[in-house]
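# Descriptive structure summary
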2 protein chains.
Amino acid sequence: MKALAKTEKILLYDRSDPLELDCGAELPNVEVAFETYGKLNSRATNAILIFHALSGDAHAAFYHTKDDKKPGWGDFMIGQGKPFDTEKYFIICANVLGGCKGSTGPSSTNPDTGKPYGTSFPPITISDMLKPQKKLIEYLGIKRLLCTAGGSMGGMQALQWAVNYPSSLEGAIIIATSPTHTAQAIAFNSVGRYAILSDPNWKTGDYYHNGSRPLIGLKTARMIGHITYLGQLSMEEKFGRKIQEGKGCSKIDFSKEFEVESYLQYQGDSFVKRFDPNSYLYITKAIDAFDIYNGKKNLAQALKNVQAKTMVISFTSDWLYPKEESLKIVKALKINSIDTAYCNIDSPYGHDSFLVDLPKFKDAVKGFLKALGDR
Amino acid sequence: MKALAKTEKILLYDRSDPLELDCGAELPNVEVAFETYGKLNSRATNAILIFHALSGDAHAAFYHTKDDKKPGWGDFMIGQGKPFDTEKYFIICANVLGGCKGSTGPSSTNPDTGKPYGTSFPPITISDMLKPQKKLIEYLGIKRLLCTAGGSMGGMQALQWAVNYPSSLEGAIIIATSPTHTAQAIAFNSVGRYAILSDPNWKTGDYYHNGSRPLIGLKTARMIGHITYLGQLSMEEKFGRKIQEGKGCSKIDFSKEFEVESYLQYQGDSFVKRFDPNSYLYITKAIDAFDIYNGKKNLAQALKNVQAKTMVISFTSDWLYPKEESLKIVKALKINSIDTAYCNIDSPYGHDSFLVDLPKFKDAVKGFLKALGDR
């Protein structure tokens, strides 16, 4: 039987209590979309906050309807008997600020104009994304989280949360991420943004009122991103040189040829149906600007406030967020005498490994949560 | 004093003797642009054929005019006292078939219509690129080359030449390449092609008669490619998180921010000034389709014809054509008892290392050529 969940929405900030952003701007109306799984215990000590990655949303687990073919993006991890066991824990996942899946972002209506924000939406940071989520858990009656967890951009949020709200959590699981975005990762995001910004349909972000969105640009950006999320060898094994359809001969044929090409086209086409190009621009800018150092002279200094017990996880074939980046975090936490576990999990699936049902990954998370609960 | 060279052009095929392509089509008029450096000796035994990579051309060394700021793309390797020593060797480099720097390609005039070929140009392969070059060296009076050399797509040509024309050369230097294009490398090229093909100015390749070329698509493709040519750590060291100009604050600013972003924009902008988008499409298709196996059950079988002494070179930080690909070639040649040297050269510069003046790289090439000459 499929476990069901629904996305709820809550207005967390209004004109009397606007959201103050790191850039200095204020957002008067901020809604947050979120889902919860399991039950909060009477002492509110079993709550786990999950942070989603760039293309994720609040629908982390379960199904919205019995007819849904796919559950939420992290369903392999969340549910009865799974590492984030809904029999034991109360799991929360919220769509990030700047997103397009229910939380306020560039596609939301600007209350001052009655029109979508577009690029009048202020720039946001990873820290800014945490503010509504902090307010959300307070609204849910949670003073202290048992744990936070996230991969990729979700891992940036988990790391930033442990710095910004050090006494608000017992543990943090920081997966497949880095203390700052690397030059290479910025470069890939930057080309994706160039593709969107130079799409004639982008119109400086003011494309909501007509039917044409900058989908070619967004598709290009997603295809670039998708390649960087995959492992080199798993791509080779999955696709290799399999040709999807007969080659034309004396006439050039630029339609899909190798299977990997049609796979990327498919991934790009399905992404543009569900994601707002401006949200892609704003969120990748926040990711690129992520810098936990925040002017401190070294990472141990930058992480000095952290109190949470942590588990840092990397994956062997993740070349976008390689293990060296995770190890920087681990070393800095160890210098600060923080209780830190580190797992470099053997996986061929590249950066996307954090979205793959891997027994060792699940065991690591399960073990960490059990140890947290036993304390 | 700057050594000078000029690009020459020669018509190698005409209606009476058309170029037969692997696809079955025939090209009636094929011109080849080439440069030579040094002098052919009286017995014509000192000739070295250099193959350029995707974005290269026949201008491999020296300067076209005394006022040129930059010499040819391989000038660090070619010249008096350099590994390809123009005091000893006669060096030849030709623009590839399908290119846009003097050799016949999609931007050339189709003699049947009097208009540029565009996508009526037939598809080409790496083997096809070799045919005019083989005819060129015969025209130059060379029966047997002392050596061939090339990196990346040039390495594919060097490998294919050793298979196709086994008795026509003494040695081959095969640099930073692979026996077939990997799924990941195909994927990056494929997204670049998508960007060009979906640029409204592409117009199914028929953009030559008006002023608007699909430059946004070509720029996107080049930016993607450029990231894959660089080493991860050298990017980090070169750019890190240096911000190019002051951040805007409460207003989003998508203009260049991190130095790596403006660097990529610059690289993209300068590339589109000198390269034809259709040539980019045709040449990347040829690269992606490259498959030295050609239906053989293993690589040793596929390389059975090779007679040339070979040197295979990879670079430690090249993740696009990783050393495992070079090692496949080395092992297959060893199985066939071919005299093969292999160097994995320590370099932080990624795939582009083959275009960088590295002492170990130069020493390796110099040593191999000396040994060839001594035999």
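Note that the coordinates shown come from a computational prediction; the quantities given were computed from them, not determined experimentally. (Residues numbered from 1 in each chain as written. Chains lettered and ligands numbered in written order. Predicted model: local features only at pLDDT ≥ 70, side-chain atom pairs only at ≥ 80, totals over all residues. Heavy atoms only, no water.)

## Focus on the domain arrangement of chain A
Residues and elements named next belong to chain A. The cut-off we apply is this: Segment limits for the domains were obtained from an automatic or database-derived domain assignment. Throughout, a residue-residue contact means that at least one pair of heavy atoms, one from each residue, lies within 4.5 Å. Defined in terms of a 1.4 Å probe, buried area is the accessible area two parts forfeit on being brought together, summed over both. We count a salt bridge whenever a side-chain nitrogen from Lys or Arg sits within 4 Å of a carboxyl oxygen from Asp or Glu. Here a polar contact means two N or O atoms within 3.5 Å. Within protein one must be a hydrogen donor candidate and the other an acceptor candidate, and residues neighboring in sequence count only if both atoms are side-chain atoms.
Assigned domains of chain A: these are domain 1 (8-182 + 290-374) and domain 2 (186-285). Placing the centre of domain 1 and that of domain 2 at their C-alpha centroids yields a distance of 26 Å. Taken together, the contact pairs 29 residues of domain 1 with 26 residues of domain 2. Carbon and sulfur atoms make up 64% of the area that domain 1 and domain 2 hide from each other, which totals about 2,300 Å². Contact with domain 2 buries area across many residues of domain 1, yet Leu-54, Ser-55 and Trp-319 alone supply 27% of it, more than any other trio. Viewed at the interface, domain 2 and domain 1 are joined by zero salt bridges. Our count for the domain 1 to domain 2 interface comes out at 13 residue pairs in polar contact (both at pLDDT 80 or more).

## Regarding the sheet that holds strand S6 (residues 90-94) of chain B
Residue and element names in this part refer to chain B. Our working rule: We treat two strands as partners when DSSP finds at least two bridges between them. Helix numbering and strand numbering both begin at the N terminus, where a helix is a DSSP run of H or I of at least 4 residues and a strand a DSSP run of E of at least 2. Lines fitted to C-alpha atoms define the axes here, with helix axes fitted over just the stretch in contact, and angles between the N-to-C directions of these axes take values from 0 to 180 degrees.
Read across the open sheet, the eight strands follow the order S1-S4-S6-S5-S9-S10-S11-S12; overall the sheet is mixed. Two strands bound the open sheet, and with one partner strand each, they are strand S1 (8-13) and strand S12 (340-345). Pairs of neighbouring strands in the sheet enclose a mean axial angle of 20°, with direction left out of account. Against the sheet, helix H2 (residues 153-164) touches strand S5 (47-51), strand S9 (145-151) and strand S10 (169-175), its axis set at about 145° to S9.

## Overview of the side chain of Lys-219 of chain B
What counts here: In this scheme, a residue with accessible area under 20% of its type's maximum is buried, one over 50% is exposed, and one in between is partly exposed, where area comes from a 1.4 Å probe on protein chains only.
Take Lys-219 of chain B: it is sitting in helix H4 (residues 215-229). A residue is classified by how much of its surface remains accessible, and Lys-219 of chain B, at 7% relative accessible area, is buried. Looking at Lys-219 of chain B, its side chain comes within polar contact range of the side chain of Asp-269 of chain B, at 2.9 Å. Those residues in contact with Lys-219 of chain B, other than ones at most four positions away along the chain, are Tyr-194 of chain A together with Gln-265, Gly-268, Asp-269 and Val-272 of chain B.

## Points about the relation of the copies chain B and chain A
Rules: A least-squares superposition brings the copies together, and it is based on the C-alpha atoms of residues with pLDDT no lower than 70 in both.
Mapping chain B onto chain A leaves a residual RMSD of 0.0 Å; the transformation is a rotation of 180° accompanied by 0.0 Å of translation along its axis. Seen this way, the second copy is the image of the first under a two-fold rotation axis. Interface overlap between copies: 100% of the residues of chain B at the interface are likewise at the interface in chain A, consistent with a symmetric, same-surface contact.

## Thoughts on the packing of aromatic side chains
Note the cut-off: Any pair of Phe, Tyr and Trp rings, taking the six-membered ring for Trp, is counted once the centres come within 6.5 Å. Such a pair is stacked with planes under 30 degrees apart, edge-to-face with planes over 60 apart, and tilted for the rest. For a Lys NZ or an Arg CZ to count as sitting over a ring, it must be within 6 Å of the ring centre and within 35 degrees of the ring normal.
Considering all chains together, one arrives at 32 aromatic pairs over all chains under this definition. Where Phe-188 of chain A meets Trp-319 of chain A, the ring centres are 6.0 Å apart and the plane angle is 70°; that geometry is what we call edge-to-face. Residue Phe-188 of chain A is found in helix H3 (residues 183-197), and its partner Trp-319 of chain A is found in the loop between strand S11 (309-315) and helix H9 (323-335); the two are separated by 131 residues along the sequence. The exposure classification of Phe-188 of chain A matches that of Trp-319 of chain A, with both residues buried. Centre to centre, the rings of Tyr-117 of chain B and Phe-121 of chain B are 5.0 Å apart; their planes meet at 80°, and the pair counts as edge-to-face. Each member of the pair, Tyr-117 of chain B as well as Phe-121 of chain B, is classed as buried. In this structure an aromatic cluster arises from ring pairing among Tyr-117, Phe-121, Trp-202 and Tyr-282 of chain A together with Phe-254 of chain B. Above the plane of the ring of Tyr-63 of chain A lies Lys-2 of chain A, whose end atom (NZ or CZ) is 4.8 Å from the centre.

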